[in-house]
Amino acid sequence: MLGRRRCSRVSVQEGCGKETTSPGAAPESLALWASSPRPEAATEQILLRGIFEIGRDSCDVVLSDRVLRWRPIQPVRPGDDSKPDLLCDEGIIELKDIFSVKLKWRCSAHQEKGNTLLGITLFFCLKKEQNKLKDSTLDLVNLSEDYCDVWFRQLKQLLAGFSNRPKSLKIFLNPQSHKKEATQVYYGKVEPLLKIAGIKTDVTITEYEGHALSLLKECELQGFDGVVCVGGDGSASEVAHALLLRAQRNAGMETDSILTPVQAQLPLGIIPAGSTNVLAHSLHGIPHVITATLHIIMGHIQPVDVCTFSTTGKFLRFGFSAMFGFGGRTLALAEKHRWMSPNQRRDFAVIKALAKLKPEDCEISFLPFNNSQDLQERKVLGSPKSNYSDQWQMIHGQFLNVSIMAIPCLCTVAPRGLAPNTRLNNGSMALIIARNTSRAEFIKHLKRYASVKNQFNFPFVETYTVEEVKINPRNTISVHNSEEEDGPQEASSDCNFPWNIDGDLMEVASEVHVRLHPRLITLYGGSMEEMNDTKVTCNCL
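Residues numbered from 1 in each chain as written. Predicted model: local features only at pLDDT ≥ 70, side-chain atom pairs only at ≥ 80, totals over all residues. Heavy atoms only, no water.

A. Just the overall build of the chain, in detail. Broken down by element type, the chain carries 11 helices and 24 strands. In the chain, buried positions account for 52% of the 541 residues. Across the chain, contacts joining residues at least 24 apart in sequence account for 71% of those joining residues at least 6 apart. For the chain, the accessible surface area stands at approximately 25,300 Å², while carbon and sulfur atoms represent 48% of it. (Helix = DSSP H or I, 4+ residues; strand = E, 2+ residues; numbered from the N terminus. Buried < 20%, exposed > 50% of the residue type's maximum accessible area, 1.4 Å probe, protein only. Contact = heavy atoms within 4.5 Å. Areas by Shrake-Rupley, 256 points an atom, 1.4 Å probe, with all protein chains shown as cover.)

In structure tokens, the structure reads:
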């Protein structure tokens, strides 16, 4: 972190663009280097010490194996025989926050590289409020090439010690995401930062739904340190599903029936460029492109729980969240009107589904979560309790909506999350059931998601913390026929029920078995802190 006291003016650039000179105190989020030695300072190894100009001040700069510190030097006044002293204006950057170092040259027009060295530029990650990260720079000005070369080489050597940071990435870009902004987002915001960090990239533009899945089955990934998806929830879920499928095949497992899947071999980065960005929002606490990019560059990773979906013993797919009933029907309606804009399509589908709101007759079985069981044991051995029939609980009845979520599912219309008590890797899923009730009461429940009030504080809403869920619809009416705008409901033996899995439509005719697998995939992202409650007005209702 970077900090100052009093009025030391430090030349800082944010967003790889504008240079700002800050004459006042630093923001509260910037760490200050105290005048008295800190406890950890005794364990630090001093590597270099010298004088650079920072802002308009000549500074005594110290580089250790952990941090870069500086103090402005007080000039000697005429007639004063005392030695130069150090002011208490101080600053610090931790090496773990620096992601690139470059020599700074003076360049004139039509020159790619100047012939006059100005010093060294440090590119670092600055943490702002609400989990937001910003890229900033610090200029260490010194005109001596030999002097700067020593510091430059030492800094490069220290940064090379962060072995978890990616050096080469495979990028999948969905140009159709949201308002077709993904291409602009990547080349305008993401790629410049990756270039500064010296990360090599191989970009593939996906051309149709399922393209990334088909490519990841066969493409060579040996030379890459990670995979990045630029797109919305559907794109991110597809790439995550593809990476996990590839891991099963590489392990020699049959993908028709996956009981104990193996972990994906490469971490996945998600750049939010969709309409909802639930996965990226849940991962970073904020759907912010620069934040997501910097987590990838810095090599911040965390394991995340994943669900498997299967029916009658046949594996269907991997996923992070699912909705059945109202959530599935809403998505099915939206898919039929893809000619609309994303926002219009979403609003139309919600209103239409509410107008035709009806319950599903279901039998729901679930295995309650036992937090006394070691997560590592469950990861290796699966869920040994799932063979014990006396552990399972069963409920049946008329349900308007059933949600199963392994992640909090934060989004702009649900700032606390669709499942606010769920975490990314606590080894459990949230099972949220809305029983049959009036349309007015159900709408009140939906509106609560957009506020800070408890959306589950209704007599018809039940919540459970589970490890496995089985949902067996008992309706005999064809969903396809009943979803037609003005068509009659007809009985059909080929009855497919719509599921919303990570924003993708999946239609299944029989029971669906959902199992949680702890920490099955690794995603680029920091540990999400508690988010501040924010009032957001839902524009759907």
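B. Looking closely at the nonpolar core. Among the nonpolar cores identified, the biggest contains 59 residues, and Val239, Leu268, Phe442 and Ile521 are the most heavily contacted of them. Element by element, the count of residues in this core is highest for helix α4 (residues 233-250), at seven residues. Non-local contacts of leucine 268, meaning those with residues more than four positions away in its chain, are made with Val227, Val228, Cys229, Ala236, Val239, Ala240, Leu243, Ile521, Thr522, Leu523 and Tyr524. (Core = buried A, V, L, I, M, F, W, Y, C linked by side-chain atoms within 4.5 Å.)

C. Spatial organisation of the packing of aromatic side chains. What the rule picks out here adds up to 12 aromatic pairs. Taking 5.4 Å as the distance between ring centres and 40° as the angle between the ring planes, the aromatic pair formed by phenylalanine 52 and tyrosine 147 counts as tilted. You can see phenylalanine 52 sitting in strand β3 (residues 46-54) and its partner tyrosine 147 sitting in helix α1 (residues 145-160), a full 95 residues away along the chain. A ring pair is formed by phenylalanine 366 and tyrosine 464, whose centres lie 4.6 Å apart and whose planes are at 40°; its orientation type is tilted. Of this pair, phenylalanine 366 sits in strand β18 (residues 360-368) while tyrosine 464 sits in strand β21 (residues 461-473), placing them 98 residues apart in sequence. Members of the aromatic cluster, joined through ring pairs, are Phe52, Tyr147 and Trp151. The ring centre of phenylalanine 172 lies 5.4 Å from the NZ or CZ of lysine 170, which sits over that ring. (Phe/Tyr/Trp six-rings, centres within 6.5 Å; stacked < 30°, edge-to-face > 60°. Lys NZ or Arg CZ within 6 Å of the ring centre and 35° of its normal.)

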